[in-house]
Amino acid sequence: MNIENIKTLGELKASGYTSKSIKDELRDNLVQKIKKKETTFEGVHGYENTVIPELERAILSRHNINLLGLRGQAKTRLARLMLNLLDEYIPYVEGSEINDDPFKPISRYATELIKEKGDTTPIAWLHRSERFAEKLATPDVTVADIVGDVDPIKAANLKLSYADDRVIHYGMIPRANRSIFVINELPDLQARIQVALFNILQEGDIQIRGFKLRLPLDIQFVFTANPEDYTNRGSIVTPLKDRIGSQILTHYPVNIETARQITEQEAKLVESQKETVVVPDLARDLLEQIVFEARKSDYIDAKSGVSARLSITALENLLSTAERRALFAGDETTTVRLSDFLGVIPSITGKVELVYEGEQEGAAVVAYNLIGEAVKSLFVQYFPKIEKLKKQEEETPYDDIISWFFNQKDGFELLDSLRDKEYKSLLEGVSPLNDLLGKYQPNLDQTDSYFVKEFVLWGLAEFNQLSKHRFTEGMQFKDPYGSFISGI
């Protein structure tokens, strides 16, 4: 249909256009996408077999939807992606505040205009990008904001009495007629506002300052809520909950591969950073593992959740840490080092809610320990497990490394300010590390090998085979008993 040629109601009738409700529109377009085997929610990973099928079923059922899940689980993104299931353009009565369907007008303005002008009623076209409205539920939201109120200025200008419904100023919901309307954090909305909502959902009328207007609004409602809010800040009133067709539970990524996909897609990295800083695969896995450790940590409030935004901002900070180090050292390019992970601590501390024990430890200490726990968890995937208890004479793959450190009476230091050449030279000097990598990671890329060598040192320290000490200018590794023995 060439919409440029359709400018009046008569031309719209002649074109054969038939109007449909937004829920039917979403349903019909979803059916076509499924038939064509097209991806319905592009850019959402990890929900292919869980959330997305449930969301598609809800759309096919023409339900209003509540997405329930912890923060950073792509709830709002899913709602915004529903725009792609709308028709590209729909017609509306030109000048209408609430996007009146020319074939089914509901406002006084549109009905009177069509009655007066008939087939010459002017028609305008609304693009799907304009058919999305979003409101964050906060305690200060009023009925006037979302439903409407009497406008005394309009009454004065039009010389109308307050008994005339033309003095009404429509709120966000009526203005979102024939659109997707999202209310984020629904439990935070005051109960009286929620009551106003379920009247709209069920009865299709709005009540403003004594006016009871029969406005059968055509809206696809999508609500988002956090389970924590049900107990901490508020709740969804029962009659409203009863009127929401489908409640869909969202979740965090279940594996590192999916988490990496999300992080790499969402991280806003400067092109020059990508060219300057090489990030080994193990470093990317370690970054995601920190988030997994945070979600099961006893020091972090599991009810609040640990957002996917943590790993996104952590990746940005990690590259910036390596880039800053390279700039100071005068290196054109650099590879991420494990010590650079200390630069992601600010990304962690601002995004986790600590329980009482965590507050006692301190946010920075908890964040630092999460890095150590992540190293421990990944270490056994790359190298033989280190048993807590072993026989006295039993040999381990790490004996040569530990012996090497035993002979380093002053310890082995990796300064933060080292140039790449010096850093690599120091690690190559620990010859048992080369042997360990040659045996257990023979296919490792040379560029990544230095990060893995440092990873081994951190791993041995986490398993108490070496001691690790952070000082102002870098990191020191020592044999944990060497200094004790030499002091006897």
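An account of the accompanying structure is given in this report. Quantities reported herein were computed from a predicted structural model and do not represent experimental measurements.

**Some details on the overall build of the protein**
Thinking step 1. Within the protein, the secondary structure is distributed over 23 helices and 16 strands.
Thinking step 2. Taken over the C-alpha trace, the protein has a radius of gyration of 31 Å; the compact-globule value for 488 residues is 23 Å, which it surpasses by more than 25%.
Thinking step 3. Along the three orthogonal principal directions, the C-alpha set of the protein runs to about 100 × 50 × 40 Å.
Thinking step 4. Here the protein holds 488 residues, and the buried ones make up 50% of them.
Thinking step 5. Taking the contacts inside the protein whose residues are at least 6 apart along the sequence as the reference set, 75% of them involve residues at least 24 apart.
Thinking step 6. Of the roughly 24,200 Å² of accessible surface on the protein, 48% is carried by carbon and sulfur atoms.
Thinking step 7. Within the protein, the 75 negative side-chain charges are centred at a point lying 6 Å from the centre of the 60 positive side-chain charges.

**Some details on the side chain of serine 246**
Thinking step 1. The topology assignment puts serine 246 in strand S11 (residues 246-249).
Thinking step 2. For serine 246, the contacting residues outside a window of four places in its chain are Ala58, His63, Asn64, Ile65 and Asn66.

**Some details on the pattern of salt bridges**
Pairs can form between side chains of opposite charge once their charged atoms are near each other.
Thinking step 1. A complete count under the given rule lists 21 salt bridges for this structure.
Thinking step 2. For arginine 108, the salt bridge identified is with glutamate 112, shortest N-O distance 3.1 Å. On the criterion of helical spacing, the pair formed by arginine 108 and glutamate 112 is a turn pair, its members being 4 residues apart in helix H5 (residues 108-117).
Thinking step 3. Among the residues examined, glutamate 112 registers a relative accessible area of 40% and is labelled partly exposed.
Thinking step 4. Ionic contacts of the salt-bridge type, sharing partners, join the residues Arg260, Glu264, Asp281, Arg284 and Asp285 into one network.

**Examining the environment of asparagine 443**
Thinking step 1. Assignment of secondary structure puts asparagine 443 in the loop between helix H21 (431-440) and helix H22 (446-462).
Thinking step 2. Judged by relative accessible area, which is 76%, asparagine 443 ranks as exposed.
Thinking step 3. Considering only alpha carbons, one finds asparagine 443 and lysine 20, 423 residues apart in sequence, at a separation of 59 Å.

**So, unusual backbone geometry**
One can expect most non-glycine residues to show negative phi and most peptide bonds to be in trans.
Thinking step 1. Although it is not a glycine, lysine 37 adopts a positive phi angle of roughly 60°.
Thinking step 2. Secondary-structure assignment places lysine 37 in the loop between helix H2 (22-35) and helix H3 (51-60).
Thinking step 3. Judged by relative accessible area, lysine 37 falls into the exposed class, the value being 73%.
Thinking step 4. Residue arginine 62 is not a glycine yet carries a positive backbone phi of 60°.
Thinking step 5. Mapped onto the secondary structure, arginine 62 falls in the loop between H3 and strand S1 (65-68).
Thinking step 6. The class for arginine 62 is partly exposed, based on a relative accessible area of 43%.

**Quick look at the sheet that holds strand S7 (residues 179-184)**
Thinking step 1. Judged by pairing direction, the sheet is parallel, and its 5 strands sit side by side in the order S4-S7-S10-S1-S11 without closing on themselves. Looking along the sheet, the strands with just one partner apiece sit at the ends: strand S4 (132-136) and S11. Between one strand axis and the next, the sheet turns through 20° on average, direction left out of account.
Thinking step 2. When S4 meets S7, the two strands line up parallel, connected through 5 bridges. For leucine 136, the partnering residue across the bridge sits in S7 and is asparagine 184.
Thinking step 3. Lying on the sheet, H2 is in contact with S7 and strand S10 (219-225); it crosses S10 at an angle near 80°.
Thinking step 4. Sheet strands touched by H3: S1 and S11. Its angle to S11, the strand with the most contacts, is close to 170°.

What counts, and where the lines are drawn
Residues numbered from 1 in each chain as written. Predicted model: local features only at pLDDT ≥ 70, side-chain atom pairs only at ≥ 80, totals over all residues. Heavy atoms only, no water. Helix = DSSP H or I, 4+ residues; strand = E, 2+ residues; numbered from the N terminus. Rg over C-alpha atoms; globule rule 2.2 N^0.38 Å. Buried < 20%, exposed > 50% of the residue type's maximum accessible area, 1.4 Å probe, protein only. Contact = heavy atoms within 4.5 Å. Areas by Shrake-Rupley, 256 points an atom, 1.4 Å probe, with all protein chains shown as cover. Lys, Arg positive; Asp, Glu negative; His and termini not counted. Charge placed at Lys NZ, Arg CZ, Asp CG, Glu CD. Salt bridge = Lys/Arg side-chain N within 4 Å of Asp/Glu carboxyl O. Pairing = 2+ DSSP bridges. Axes fitted to C-alpha atoms, helices over the stretch in contact; angles between N-to-C directions.

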